[in-house]
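Okay, here's what each chain looks like letter by letter:
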Amino acid sequence: MKIPALQAVTVEILVDNFFDVFEPSRPGIVERVIPGRLKKPLLAAHGLAYLITLNHRGKLSRILMDAANAPLPLFNNLEALEHDINDIDAVALSHGHPDHYGGLFEFLAKRTGGPIPVYLHKEVFLPKILITPRGRIGPWVLSLAQLVVANVELYENQGPQLVLDQALLTGTVETTTDYEKPLPSFRRQVAGREEQDLFPDEQALVANVEGRGLVVIGGCSHPGIVNMVKYAQKLTGVQKVSTVMGGFHLTPGGDELIKHTIQGLKELDPELIMAGHCTGFRALTKLAVAFPDNFMVSCVGTKVMVVGG
Ligand SMILES: [Fe+2]
Ligand SMILES: [Fe+2]
């Protein structure tokens, strides 16, 4: 599927699990926020929300990818970073876990103006359950009925889907690595029956920047971040990878998964790897050691800028 070569992509991390004032910037590529200059303090939270700005021949389109775990961090940080929610042109959802849509309905309710396009996989609406060492949590349900009446233009996909004709949602990720396996702790309900969640509803958002290559943005990357990047390459026909971002959900999969994923990322050879959210501290530290020059932790307020040329 052909996607346009964009002049630039900027990803601003609105909500993520981390904030660390000592994480460095990288001039022209990664810009960290200076807390003392903000209108109000940023909040880190177990959730994810990105503000993605696509520049296509000077025309800017803004996509909210995921909507955090709750309205509080989402709206606090939008205000701290001085964004107007009415400047956002579309919403895309990475998958149907509540730490990615917790602020969605409030976001939709607070907007003014016409319907906003919302892109998501058909299966995000199935009830989701998590088995933890301290018991079951859930089911969580994102309500389709509530969304339909929320002033949206709904785009439900299963396969690849263009977003505003400029970026791509992969649809269900084709899994090709032998080490990225679904974890048994994730379950879902289908027609009243519970089953292991293989995450057909999780998709990456992919943009192609002229001369730089792909920017691949995952949510929790439950199907495996290497699978997601490889599938993005296959769908777009673009092999060069500029940036890989997201929660990578690696620590719960154990050291073997972390080791193989690091090897897989080395083979993909991106210019920048920025992981946060559900990656887990142990995996983050191993990634930091494995990629001393191009790994960075995803902190709230950070801007990643990929400029073509
Ligand atoms: Fe998550
Ligand atoms: Fe998740």
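Since the model is a prediction, treat every value here as computed from it, not as a measurement.

**Here we look at the coordination of the iron ion (ligand 1)**
And then number 1: On the protein side, the iron ion (ligand 1) has Asp 99 (OD), His 100 (NE2), Cys 220 (SG) and His 277 (NE2) as donor atoms, found 2.1 to 2.2 Å from it.
And then number 2: Around the iron ion (ligand 1), the four donor atoms sit at angles spanning 87 to 155 degrees, and that spread fits a shape best called irregular.
And then number 3: Here the iron ion (ligand 1) and the iron ion (ligand 2) are spaced 3.5 Å apart, linked through Cys 220, which binds each one. Taken together, the residues His 100 in the loop between strand 6 (90-92) and helix 2 (104-110) and His 277 in the loop between strand 18 (272-276) and helix 6 (281-290) connect sequence positions 177 residues apart.

**Examining the packing of helix 5 (residues 255-268) against helix 6**
And then number 1: Put simply, helix 5 and helix 6 touch, their axes get as near as 10 Å, and they point 35 degrees apart. Between helix 5 and helix 6 the crossing geometry is right-handed. When helix 5 is examined against helix 6, the residues Asp 255, Ile 258, Ile 262, Leu 265 and Lys 266 are found in contact with a partner set consisting of Arg 282, Ala 283, Lys 286, Leu 287 and Ala 290.
And then number 2: Here the contact of helix 5 with helix 6 is built from residues that sort into six nonpolar, no polar and four charged.

**Some details on the state of the cysteines**
One way to say it: the disulfide is the covalent bond shared by the sulfur atoms of two cysteines.
And then number 1: Applying the stated criterion across every chain yields a total of zero disulfides.
And then number 2: Distance from the sulfur of Cys 299, which forms no disulfide, to the nearest cysteine sulfur (Cys 278) is 15 Å.
And then number 3: On the basis of relative accessibility, which here comes to 2%, the residue Cys 299 falls in the buried class.

**A look at the packing of helix 4 (residues 225-236) against helix 5**
And then number 1: At a minimum axis separation of 9 Å, helix 4 and helix 5 run at an interaxial angle of 25 degrees. Considering the angle they form, helix 4 stands roughly parallel to helix 5. Taken as a pair, helix 4 and helix 5 cross one another with a handedness that is left-handed. Between helix 4 and helix 5, the contacting residues are Ile 225, Val 226, Val 229, Lys 230 and Gln 233 on the first element and Thr 261, Gly 264, Leu 265 and Leu 268 on the second.
And then number 2: Partitioned by chemical class, the residues of the contact of helix 4 with helix 5 number five nonpolar, three polar and one charged.

**A short note on the packing of aromatic side chains**
And then number 1: All chains considered together, the criterion is met by two aromatic pairs.
And then number 2: Ring centres of Tyr 119 and Tyr 155 lie 4.6 Å apart, and the angle between their planes is 15 degrees; on these two criteria the pair is classed as stacked. Of this pair, Tyr 119 sits in strand 7 (residues 116-121) while Tyr 155 sits in strand 10 (residues 152-157); the two residues are 36 residues apart in sequence, bridging distant segments of the chain.
And then number 3: The class of Tyr 119 is buried, set by a relative accessible area of 4%.
And then number 4: What makes Tyr 155 partly exposed here is its relative accessible area of 29%.
And then number 5: With centroids separated by 5.2 Å and ring planes inclined at 75 degrees, the aromatic side chains of Phe 186 and Phe 199 adopt a geometry described as edge-to-face. Here Phe 186 is found in strand 13 (residues 186-190), whereas its partner Phe 199 is found in the loop between strand 14 (193-196) and strand 15 (205-209), with 13 residues between them in sequence. Each member of the pair, Phe 186 as well as Phe 199, carries the same accessibility label: buried.
And then number 6: When the ring centre of Phe 75 is taken as reference, the NZ or CZ atom of Lys 110 above it lies at 4.0 Å.

**Focus on the nonpolar core**
And then number 1: Core analysis: the biggest nonpolar cluster contains 35 residues, and Leu 14, Leu 74, Phe 107 and Leu 108 have the highest contact counts within it.
And then number 2: The set of elements that each furnish at least two residues to this core consists of strand 2 (8-15), strand 4 (49-56), helix 1 (71-80), helix 2 and strand 7.
And then number 3: Once residues within four sequence positions are removed from consideration, Leu 108 is found in contact with Ile 116, Val 118, Leu 147, Ala 150 and Val 152.

**Side note on the pattern of salt bridges**
And then number 1: Under the defined criterion, the tally for this structure stands at 12 salt bridges.
And then number 2: For Arg 188, the salt bridge is made with Glu 195, and the minimal N-O distance between the two is 2.9 Å.
And then number 3: Note that Arg 212 and Glu 271 form a salt bridge whose closest N and O atoms lie 3.1 Å from each other. Here the residue Arg 212 occupies a position in the loop between strand 15 and strand 16 (213-217), and Glu 271 occupies one in the loop between helix 5 and strand 18, the gap between them amounting to 59 residues.
And then number 4: Judged by relative accessible area, Arg 212 falls into the buried class, the value being 19%.
And then number 5: Within this structure, Glu 123, Arg 188 and Glu 195 form a network of salt bridges that share partners.

The rules behind these values
- Residues numbered from 1 in each chain as written.
- Chains lettered and ligands numbered in written order.
- Predicted model: local features only at pLDDT ≥ 70, side-chain atom pairs only at ≥ 80, totals over all residues.
- Heavy atoms only, no water.
- Donors = N, O, S within 2.8 Å, 3.2 Å for Na, K, Ca; no water.
- Tetrahedral: all angles 85-135°; square planar, octahedral: opposite > 155°, others 65-115°.
- Helix = DSSP H or I, 4+ residues; strand = E, 2+ residues; numbered from the N terminus.
- Axes fitted to C-alpha atoms, helices over the stretch in contact; angles between N-to-C directions.
- Left-handed = near helix turned anticlockwise from the far one by under 90°.
- Contact = heavy atoms within 4.5 Å.
- Nonpolar A, V, L, I, M, F, W, Y, C, P; charged D, E, K, R; others polar.
- Disulfide = S-S within 2.5 Å.
- Buried < 20%, exposed > 50% of the residue type's maximum accessible area, 1.4 Å probe, protein only.
- Parallel < 35°, antiparallel > 145°, perpendicular 65-115°, else oblique.
- Phe/Tyr/Trp six-rings, centres within 6.5 Å; stacked < 30°, edge-to-face > 60°.
- Lys NZ or Arg CZ within 6 Å of the ring centre and 35° of its normal.
- Core = buried A, V, L, I, M, F, W, Y, C linked by side-chain atoms within 4.5 Å.
- Salt bridge = Lys/Arg side-chain N within 4 Å of Asp/Glu carboxyl O.

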